[in-house]
Amino acid sequence: MEESKKQPEVIDLRVVMSKIWKNKKLFYKTLPIAFVLSCIYILSIPRYYTSDVKLAPELDNGISGGTLGDIASSLGFDISTAQTSDAISPLLYPDLMEDNKFVTNLFGIQVATKDGEVKDNYYNYLKKRQKKAWWMYPIGWIKNLFPKDDNGQGAKGELDPYHLSKKDNNLVEKIRDNIKLSIDKKTGVITINVTDQDPIICKTIADTLMTRLQDFITEYRTNKARVDVEYYKKLTAEAKQEYEKARQRYGSYADANMDIVLESYRSKRDDLENDMQLKFNAYSTMNTQLQAAMAKVQERTPAFTVVKGAAVPVKPAGPKRMLFVAGMLILTFIGTAFYLVRKDLHFAF
């Protein structure tokens with residue numbers, strides 16, 4: 001006995017297109033409405049700009065990678081982090097944005113907008129001078145009806161970066177959203193990308209952050225050497241003081257007993273002279289160590305190469321208004337068409 005086979009249902013495109021064409025007047029309603037609403041929405045979103053800097057810091061490798069390093073690099077791996085004598089790998093530099101202290105240090109940067117209307121610190125600019133969509137104003141007004149205890153002192157620079165108020169913490173999170181640090185694992189090039197509503201402020205923050213990052217890397221890389229310099233400065237000063245005292249004792253005794261030829265006086269003079277010489281040798285040694293430590297600071301100070309400097313953006317990076325409106329029209333068209341032929345597609349569900 002032959003089993004009956006159920007024939008699969010097939011969508012008749014002619015029927016679908018005919019149904020859409022018969023109801024084309026519905027598109028005359030939905031598409032203009034979608035166009036107007038999408039325009040109202042996207043035109044209310046403030047435009048933003050982006051500027052980026054590419055910085056190549058000098059890497060401090062304890063040993064040469066040699067053939068192994070070349071092979072690893074060709075395979076997309078970076079073994080320089082295993083060879084470096086630094087406790088902080090260059091790959092960790094982008095994580096600085098996770099530190100509240102590093103971010104809050106940006107609050108005091110003086111910024112000015114392109115039109116010159118705003119000249120203030122970065123904290124007040126983000127807090128009071130940001131453009132918002134129109135629907136955010138009634139939302140903010142409602143929130144102000146229920147004020148909360150908030151003792152942020154970010155504008156005065158008196159805040160504790162690890163004990164922030166809610167408003168200051170929101171600003172810190174906003175800065176983290178606006179600033180992105182990344183590093184190329186193969187080349188070691190650090191990219192700083194800044195987003196802001198004003199093109200001039202984009203460049204200002206990018207340049208300042210590049211300088212702050214350079215200062216941090218330099219301070220970290222030279223920290224131990226600078227500690228050694230201070231240590232040897234202290235020892236050198238003490239050795240010099242001891243030498244000066246020994247020289248004065250020897251000089252005073254030699255002047256006071258110049259014509260005396262007794263052996264006991266000569267023996268004491270020789271002892272004072274030897275003590276002075278020992279103190280001088282100690283002072284000379286400490287001074288040599290100090291000069292070496294100062295040279296080490298210079299040796300440990302990294303050199304930086306700006307691969308790409310921050311430029312004032314000419315065109316806004318977003319929002320893409322035309323693309324957004326076009327996308328909404330396409331979605332509206334598809335949604336309307338699906339609504340018209342949904343009964344013909346019931347078998348698909």
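The structure contained in this document is the topic of the report that follows. All residue numbers refer to position in the chain's written sequence, counted from 1. Under the rules for a predicted model, residues below a pLDDT of 70 receive no local features and side-chain atom pairs below 80 are neither given nor counted, while totals for whole chains, interfaces and linings still include all residues. Hydrogens and waters are ignored; side-chain quantities use all the structure's heavy atoms.

### Regarding the sheet that holds strand β5 (residues 190-196)
- Strand order in the open sheet formed by four strands is β4-β5-β1-β6, with antiparallel pairing between adjacent strands. Each of the sheet's edge strands pairs with one partner strand only, and the pair in question is β4 (179-183) and β6 (304-308). On average, each strand axis in the sheet is tilted by 25° relative to the strand beside it, whichever way the strands run.
- Here strand β1 (residues 49-57) runs beside β6; their pairing, made up of four bridges, is antiparallel. Within β6, the position partnered with Ala56 by the bridge is Thr305.
- Docked against the sheet, helix α8 (residues 166-178) engages β4 and β5, running at close to 50° with respect to β4. Following DSSP output, two strands are said to pair if at least two bridges run between them. Counting from the N terminus, the helices are DSSP H or I runs at least four residues long and the strands are E runs at least two residues long. Axes, fitted as lines to C-alpha atoms, cover a helix only where it is in contact. Angles between the N-to-C directions of the axes lie from 0 to 180 degrees. A contact between two residues is defined here by any heavy atoms of the two lying within 4.5 Å.

### Comments concerning a positive patch on the surface
- Residues forming no salt bridge and having over 30% relative accessible area are the ones grouped into patches, like charges within 9 Å of each other and nonpolar side chains (Val, Leu, Ile, Met, Phe, Trp, Tyr) within 5 Å. Computed with a 1.4 Å probe, the accessible areas rest on the Shrake-Rupley method; for each residue, only the protein chains presented here act as cover. Each reported salt bridge corresponds to a side-chain nitrogen of Lys or Arg within 4 Å of a carboxyl oxygen of Asp or Glu. His is not counted, nor are the chain ends; Lys and Arg add positive charge and Asp and Glu add negative charge. Note on charges: their place is set at NZ of Lys, CZ of Arg, CG of Asp or CD of Glu. On the surface, a cluster of positive charge is contributed by Lys127, Lys128, Arg129 and Lys167.
- Positionally, Lys167 belongs in helix α8.

### What to know about helix α10 (residues 223-256)
- The terminal C-alpha atoms of α10 lie 50 Å apart, and with 34 residues this matches the ideal 50 Å at 1.5 Å per residue to within 8%.
- Throughout this description, buried means an accessible area under 20% of the type-specific maximum (1.4 Å probe, protein chains only), exposed means over 50%, and partly exposed covers the range between. Listed as buried for α10 are Ala225, Val229, Thr236, Ala239, Tyr243, Ala246, Tyr250 and Tyr253.
- The elements touched by buried residues of α10 are α11 (263-300). Any helix carries an expected span of 1.5 Å times its number of residues minus one.

### Some thoughts on the packing of helix α1 (residues 13-22) against helix α12 (residues 321-341)
- Closest axis-to-axis distance for the α1/α12 pair is 10 Å, and the angle between their directions is 110°. Considering their axes alone, α1 and α12 lie roughly perpendicular with respect to each other. Within the contact between the two elements, α1 uses Val16, Lys19 and Ile20 and α12 uses Ala337, Leu340 and Val341.
- Taken together, the residues that form the contact of α1 with α12 break down as five nonpolar, no polar and one charged. Throughout, the term roughly parallel applies to angles under 35 degrees, roughly antiparallel to angles over 145, roughly perpendicular to angles from 65 to 115, and oblique to all others. As a working rule, the residues Ala, Val, Leu, Ile, Met, Phe, Trp, Tyr, Cys and Pro are called nonpolar, Asp, Glu, Lys and Arg charged, and the rest polar, with Gly in that last group.

### A short note on the environment of Tyr41
- Among the structural elements, Tyr41 can be located in helix α2 (residues 24-44).
- Tyr41 gets classed as partly exposed once you look at its relative accessible area, which sits at 39%.
- When the C-alpha positions of Tyr41 and Arg321 are compared, they lie 9.6 Å apart, and in sequence the two are 280 residues distant.

### Digging into the packing of aromatic side chains
- Each aromatic pair joins two rings of Phe, Tyr and Trp (for Trp, the six-membered one) with centres within 6.5 Å, and gets the label stacked for planes under 30 degrees apart, edge-to-face for over 60, and tilted for any other angle. Following the criterion strictly, the structure yields nine aromatic pairs and no others.
- Pairing Tyr243 with Phe280 gives two aromatic rings, centres 5.3 Å apart and planes at 55°, and the pair type is tilted. Pair noted here: Tyr243 is in helix α10 and Phe280 is in helix α11, with a separation of 37 residues, a long-range link.
- Feature note: the residues Tyr41, Trp134, Trp135 and Phe324 constitute an aromatic cluster, connected by ring pairs.
- For a Lys NZ or an Arg CZ to count as sitting over a ring, it must be within 6 Å of the ring centre and within 35 degrees of the ring normal. In this structure, Lys24 packs its charged tip against the face of Trp21, placed 4.6 Å from the ring centre.

### Notes on the environment of Lys19
- Inspection of the secondary structure assignment puts Lys19 in helix α1.
- By relative accessible area, Lys19 is classed as partly exposed at 27%.
- A sequence separation of 318 residues divides Lys19 from Ala337, and the C-alpha atoms of the two residues are 9.2 Å apart.

### Concerning unusual backbone geometry
- Put simply, Gly318 and Pro319 share a cis peptide bond, and its omega is -5°.
- Along the chain, the position of Pro319 falls in the loop between β6 and α12.

### Comments concerning the pairing of β1
- Counting buried positions along β1 yields seven of nine residues, so the element is predominantly enclosed.
- The sheet contact formed by β1 and β5 spans seven bridges and is antiparallel. Bridging from a neighbouring strand, Val53 pairs with Ile192 of β5.

### A short note on a nonpolar patch on the surface
- Where nonpolar side chains cluster on the molecular surface, the patch consists of Ile33, Phe35, Val36, Leu37, Ile40, Trp134 and Tyr137 and spans about 750 Å² of accessible area.
- Top contributing element to the nonpolar patch by residue count: α2, with five residues.
- Looking at the element boundaries, Trp134 is found in the loop between α6 (122-128) and α7 (136-144).
- With relative accessibility at 51%, the residue Trp134 sits in the exposed group.

Purely geometric numbers; function is a separate question.
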